[in-house]
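Notes for the structure review
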Amino acid sequence: MCLDDQILNTYLDGELTEPWKTQVEEHLNYCVACKTRFGQLSTLHAVVSGSRLEEQEIAPHKEKVLQFIEKNYMEKKNKIGFLHKDFRIKTPMLLSAAAAFVFVLVGALLIGPSTQAEPNALIPRVVPATGGAVVQVRATEGLAASQVLENYPLEEILKYLDSRGYEVDLRVKGIQPMGGEPIEPVEPALEPVEPTVTE
Amino acid sequence: MEIKSSENESFRLVYEEVFPVVMRVAYHVTYNMDVSEDICQEAFIRFYEKNIDFRSVDEAKYWLIRVTKNLAINVMKRKSREQAMVDKIKKAPKVPVRNGEDALIDSETRTLVREAVEKLPEKLKSVLVLKEYADLNYKQISGILHISESNVKVRVHRARKIMESMLDREEMHVS
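It should be emphasised that the depicted structure is a prediction, and the values quoted were computed from it without experimental measurement.

Of regular secondary structure, chain A possesses seven helices and zero strands. Reading the helices (α) and strands (β) of chain A from amino to carboxyl end gives α-α-α-α-α-α-α. Each of the 199 residues in chain A was classed as buried or not, and the buried ones make up 29%. Of all intrachain contacts in chain A linking residues separated by at least 6 positions in sequence, the fraction that spans at least 24 positions is 70%. Total accessible area on chain A stands at roughly 13,500 Å², and carbon and sulfur atoms take up 60% of it.

Moving on, we come to the packing of helix 6 (residues 122–132) of chain B against helix 7 (residues 138–145) of chain B. Residues and elements named next belong to chain B. At a closest axis distance of 10 Å, the pairing of helix 6 and helix 7 adopts a crossing angle of 135°. By the angle between their axes, helix 6 is oblique relative to helix 7. Handedness of the helix 6/helix 7 crossing: right-handed. For the pair helix 6 and helix 7, the contacting residues are Ser126, Val127, Leu130 and Lys131 in the first and Tyr138, Ile141, Ile144 and Leu145 in the second. Residue composition of the contact of helix 6 with helix 7, grouped by class: six nonpolar, one polar and one charged.

Residues Phe11(B), Phe44(B), Phe47(B), Leu64(B), Leu130(B) and Met163(B) are the most contacted members of the largest nonpolar core, which totals 68 residues. With residues up to four places along the chain from it excluded, the contact list for Leu64(B) reads Val14(B), Val18(B), Val22(B), Ala43(B), Phe44(B) and Phe47(B). Listed in part, the ten residues of the second largest apolar core include Tyr11(A), Val24(A), Leu28(A) and Phe38(A).

On to the interface of chain A and chain B. When the parts of a complex come together, some accessible area is lost, and that lost area is often used as the size of the interface. Contacts between the two partners involve 37 residues from chain A and, on the opposite side, 44 residues from chain B. Both faces combined, the contact of chain A with chain B buries some 4,200 Å², and carbon together with sulfur accounts for 61% of it. The largest per-residue losses of area from chain A upon contact with chain B belong to Arg52(A), Leu53(A) and Lys62(A), which jointly make up 16% of the total buried on that side. Seen at the junction of chain A and chain B, the total is eight salt bridges. Notably, a salt bridge pairs Arg12(B) with Glu70(A), separated by 2.2 Å at the nearest N-O pair. Within the residue set of the side of chain A that touches chain B, elements represented by two or more residues are helix 1 (5–12), helix 3 (32–50) and helix 4 (55–80) of chain A. Examining the composition of the side of chain A that touches chain B, we find that 16 residues originate from one element, helix 4 of chain A, more than from any other. Across the side of chain A that touches chain B, the residue classes break down as 13 nonpolar, twelve polar and twelve charged.

What follows deals with the confidence of the model for chain A. Residues and elements named next belong to chain A. Residues at a pLDDT of 70 or more form 53% of chain A, whose mean pLDDT is 72. By mean pLDDT, the top-scoring element of chain A is helix 1 (93), and the lowest-scoring one is helix 6 (residues 143–150) (60). Taken as a whole, residues 126–131 scores under 50 in pLDDT and shows nine contacts with residues more than four places along the chain or in a different chain.

All told, the structure shown has 14 aromatic pairs over all chains when counted by the stated rule. Consider the rings of Phe68(A) and Tyr73(A), whose centres lie 6.4 Å apart with planes at 50°: the pair is tilted. Overall, the relative accessible area of 22% leaves Tyr73(A) in the partly exposed class. Arranged with centres 5.9 Å apart and planes meeting at 25°, the rings of Phe11(B) and Tyr15(B) form a pair that is stacked. On the criterion of helical spacing, the pair formed by Phe11(B) and Tyr15(B) is a turn pair, its members being four residues apart in helix 1 (residues 8–30). Judged by relative accessible area, which is 1%, Tyr15(B) ranks as buried.

Calculation criteria
- Residues numbered from 1 in each chain as written.
- Chains lettered and ligands numbered in written order.
- Predicted model: local features only at pLDDT ≥ 70, side-chain atom pairs only at ≥ 80, totals over all residues.
- Heavy atoms only, no water.
- Helix = DSSP H or I, 4+ residues; strand = E, 2+ residues; numbered from the N terminus.
- Buried < 20%, exposed > 50% of the residue type's maximum accessible area, 1.4 Å probe, protein only.
- Contact = heavy atoms within 4.5 Å.
- Areas by Shrake-Rupley, 256 points an atom, 1.4 Å probe, with all protein chains shown as cover.
- Axes fitted to C-alpha atoms, helices over the stretch in contact; angles between N-to-C directions.
- Parallel < 35°, antiparallel > 145°, perpendicular 65-115°, else oblique.
- Left-handed = near helix turned anticlockwise from the far one by under 90°.
- Nonpolar A, V, L, I, M, F, W, Y, C, P; charged D, E, K, R; others polar.
- Core = buried A, V, L, I, M, F, W, Y, C linked by side-chain atoms within 4.5 Å.
- Buried area = accessible area lost by both parts, 1.4 Å probe.
- Salt bridge = Lys/Arg side-chain N within 4 Å of Asp/Glu carboxyl O.
- pLDDT = per-residue confidence, 0-100.
- Phe/Tyr/Trp six-rings, centres within 6.5 Å; stacked < 30°, edge-to-face > 60°.

Take a look at the structure:
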């Protein structure tokens, strides 16, 4: 009795157990028809299995997916671990946090006076002996600043600054003076620090 | 070696070994490289996030193959429902063909095989893909698909019978 395709396929896949395996091998030794059929099934298997996606076709995708997972899952997991031992924040993060804090602080100081409408809150208090602190206020930029400054006459602002110990450097940019005389900078020039107010 | 899927070291070990297998499984079910990449990515993300303990790399591999196979089958089901998807997937770039002496199977035969595999009913396709492209034995396939070994044996045989009838043997060239 000859072998059917299912037995031959099982044998081909190396899944046939004894004693059937030996019996099939013996049969294939003398039965030309079964041997031919086995040859055909082997070819079919070789062709189908051989038409596979190759390693070199897989490699770029393997790299890409790993990078995605590393970036979006592995690294995030490490950062979130506040309670884990290796707590760390990268320097750029600290810098941007500091920048955001300063931004909020300055913003609060500039907006503050418009609600209070008191001259002594107009410009941030100067901390003595810090040296070199420069405060620039431009009427053309920063809506909050220009709105605040518009509420006061220039003279009052200067008087206020003088009383607070500011050295004021007043400049007018982008406007040609109407007369021949250049505008003299107002210089109350008091110590100890020299912030600059530009209008 | 025990595997914890959320530990980076374990993950990399499994990834290195298993990615080519699952990529092959996804590809030979969908025959689309981009879709296959998405499927594999999804499978490994699930693997990483689920934080599962496996007794061995092989156990993790079987889990990943099962998930990948299911994702790929789902994609194909959706594809058959949505006509738009059909067109998109049909336009998939052809797999680059190896040249010169390396080529065991020529490109025409590869195309024929692809067309035949695509036509297989889902149950037979799953078994055939795991057998021919994931290089698994009957016992492993039976574990992944939750069917008996004798069922695997029968399906392999039926799948090959259909494949043979669809592939013109005259056109199968093996160098």
